[in-house]
Amino acid sequence: MFDIEHTPDALRITMSPSFENIDRADDLCAQELDRRQVPVNMFAVRILLREAALNAVTHGCREAPEGQVRVALVFATDEIKLIVEDNGPGFVWENREAGFDVTGDGGRGLPLMKTYASQVTFNEAGNRVELSVRHELTPPVGCVI
Amino acid sequence: MTSVTETRQTHTVRPDYDIVASHTEQFRAQLQDLISQGHVHLVIDLGDVKMIDSKGLAVLMLCHKSVSAAGGSLTVLTRNQDFRHLFHVMRMDEHFTIAESL
């Protein structure tokens, strides 16, 4: 399953939990950001989408075929909101707050989210994350630096 | 597909796919093959790579640990400023060399 909904202010994707679908969602979101010419750090949005979706696929749905991941890219006035949600039981995000082992095999997802998002908010159950990326500031026309 | 070239003792690996979750098993296996053949001075050229995620970072770190344990070294080549920033904030550059070219 990979369903796409375009609205004036958002791109919404509902998909089965697989790594290949994360690639498709990433490609679609990159195309949409490009088409709308949104002034954000594209790499930041893409890596945030990938890390949040990876958590949903591997920890939330545990790659179970009946799992479902929803991705919403919402275009606000001065920022992008990326919302990733899964239908799994969730887990305790606070347990992952203690930092990560640089040389370890995992645990990089949350530090990456905190690095690239201006705000990271989890719901209480731990199966929904909302990430904000502010628009990059551009000098007004005529501004001399 | 990944191209592998050999110069003296150094093997350069140049994947032409993104180093993300959907490809990391393939990439890890290719690197492991080289290391198990005794090629422990590796250069990974990211010139054709457009995206890396946390799973890809984990494979690079695993590769670094494997070659270091065998007395070798890992160098990652990239001119991509987003990648260089990513390696820096994730402190990968404290463990292996990140360079623009050899």
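Quantities reported herein were computed from a predicted structural model and do not represent experimental measurements.

Digging into the overall build of chain A
When helices and strands are tallied, chain A shows three helices and six strands. N-terminal to C-terminal, the α/β element order of chain A is β-β-α-α-β-β-α-β-β. Counting only contacts in chain A whose residues sit at least 6 apart along the sequence, the fraction spanning at least 24 positions is 59%.

A word on the overall build of chain B
Along the backbone of chain B there are three helices and five strands. Starting at the N terminus and ending at the C terminus, chain B contains elements arranged as β-β-α-β-α-β-α-β. In terms of overall dimensions, chain B is globule-like: its C-alpha atoms have a radius of gyration of 12 Å, near the 13 Å expected for 102 residues. Viewed in the frame of its principal axes, chain B has a C-alpha envelope of about 30 × 25 × 20 Å. Scored against the burial criterion, the 102 residues of chain B give a buried share of 48%. Sequence-distant contacts in chain B: of pairs separated by 6 or more residues, those separated by 24 or more amount to 60%.

Points about unusual backbone geometry
Its identity as a non-glycine residue notwithstanding, Gln37 of chain A has a phi of 55 degrees, on the positive side. Relative to the helices and strands, Gln37 of chain A is located in the loop between α1 (19-36) and α2 (42-60). On the basis of relative accessible area, Gln37 of chain A is assigned to the exposed category, the value being 69%. The phi dihedral of Arg91 of chain B is positive, around 60 degrees, even though this residue is not glycine. Summarising the element assignment, Arg91 of chain B is placed in the loop between α3 (81-89) and β5 (97-99).

A few points about the interface of chain A and chain B
Accessible area lost during the coming together of the parts is what is often quoted as the interface size. The interface of chain A with chain B comprises 23 residues on the first partner and 23 residues on the second. Buried area between chain A and chain B, summed over both chains or domains, comes out near 1,900 Å², and the portion from carbon and sulfur atoms is 68%. In this structure, the connection of chain A to chain B is made through zero salt bridges. Secondary structure elements with two or more residues in the side of chain A that touches chain B: α1, α2 and α3 (109-116) of chain A.

Overview of empty space enclosed by the protein
With a probe scaled to a water molecule rolled over the atoms, the places where space remains empty come into view. Residues and elements named next belong to chain B. Counted under the stated rule, the structure contains two cavities of 30 Å³ or more. Volume-wise, the second largest cavity comes out at about 40 Å³. Lining of the second largest cavity is provided by Arg28, Leu31, Gln32, Ile35, Val59, Leu62, Cys63 and Ser66. If you list the elements that add at least two residues to the lining of the second largest cavity, you get α1 (24-36) and α2 (54-69). Class assignment of the residues belonging to the lining of the second largest cavity gives a composition of five nonpolar, two polar and one charged.

As for the pattern of salt bridges
All names here are of chain A. Tallied over the entire structure, the rule returns 15 salt bridges over all chains. Across the pair Arg35 and Glu32 runs a salt bridge whose closest N-O atoms are separated by 2.8 Å. Of this pair, Arg35 and Glu32 both sit in helix α1, three residues apart, roughly one helical turn. Judged by relative accessible area, which is 57%, Arg35 ranks as exposed. Take Glu32: its relative accessible area is 4%, and that puts it in the buried class.

Comments concerning the confidence of the model for chain B
Residue and element names in this part refer to chain B. Across chain B, the average pLDDT comes to 94, with 98% of residues at or above 70. Averaged pLDDT values for the elements of chain B fall to 74 in strand β1 (residues 2-7) and rise to 98 in strand β4 (residues 73-77). Our summary of model confidence lists the complex with pTM equal to 0.91 and ipTM equal to 0.91.

Quick notes on the pairing of strand β3 (residues 41-45) of chain B
All names here are of chain B. Counting buried positions along β3 gives four out of five residues, so the element sits mostly inside the fold. Strand direction decides the pairing type here: strand β2 (residues 10-15) and β3, joined by three bridges, are parallel. Bridge pairing links His11 to Leu42 in β3. The sheet contact formed by β3 and β4 spans five bridges and is parallel. In the sheet register, Ile44 faces β4, and the bridge partner there is Val76. Note that the unit made of β3, α2 and β4 has a crossover that is right-handed.

What counts, and at which threshold
- Residues numbered from 1 in each chain as written.
- Chains lettered and ligands numbered in written order.
- Predicted model: local features only at pLDDT ≥ 70, side-chain atom pairs only at ≥ 80, totals over all residues.
- Heavy atoms only, no water.
- Helix = DSSP H or I, 4+ residues; strand = E, 2+ residues; numbered from the N terminus.
- Contact = heavy atoms within 4.5 Å.
- Rg over C-alpha atoms; globule rule 2.2 N^0.38 Å.
- Buried < 20%, exposed > 50% of the residue type's maximum accessible area, 1.4 Å probe, protein only.
- Buried area = accessible area lost by both parts, 1.4 Å probe.
- Salt bridge = Lys/Arg side-chain N within 4 Å of Asp/Glu carboxyl O.
- 1 Å grid on protein atoms, 1.4 Å probe; cavity = no way out; pocket = protein on both sides within 12 Å on 5 of 7 lines; lining within 4 Å.
- Points joined across faces, edges and corners; volume = space filled by probe spheres on them.
- Nonpolar A, V, L, I, M, F, W, Y, C, P; charged D, E, K, R; others polar.
- pLDDT = per-residue confidence, 0-100.
- Pairing = 2+ DSSP bridges.
- Right-handed = clockwise from strand over helix to strand, strands pointing away.

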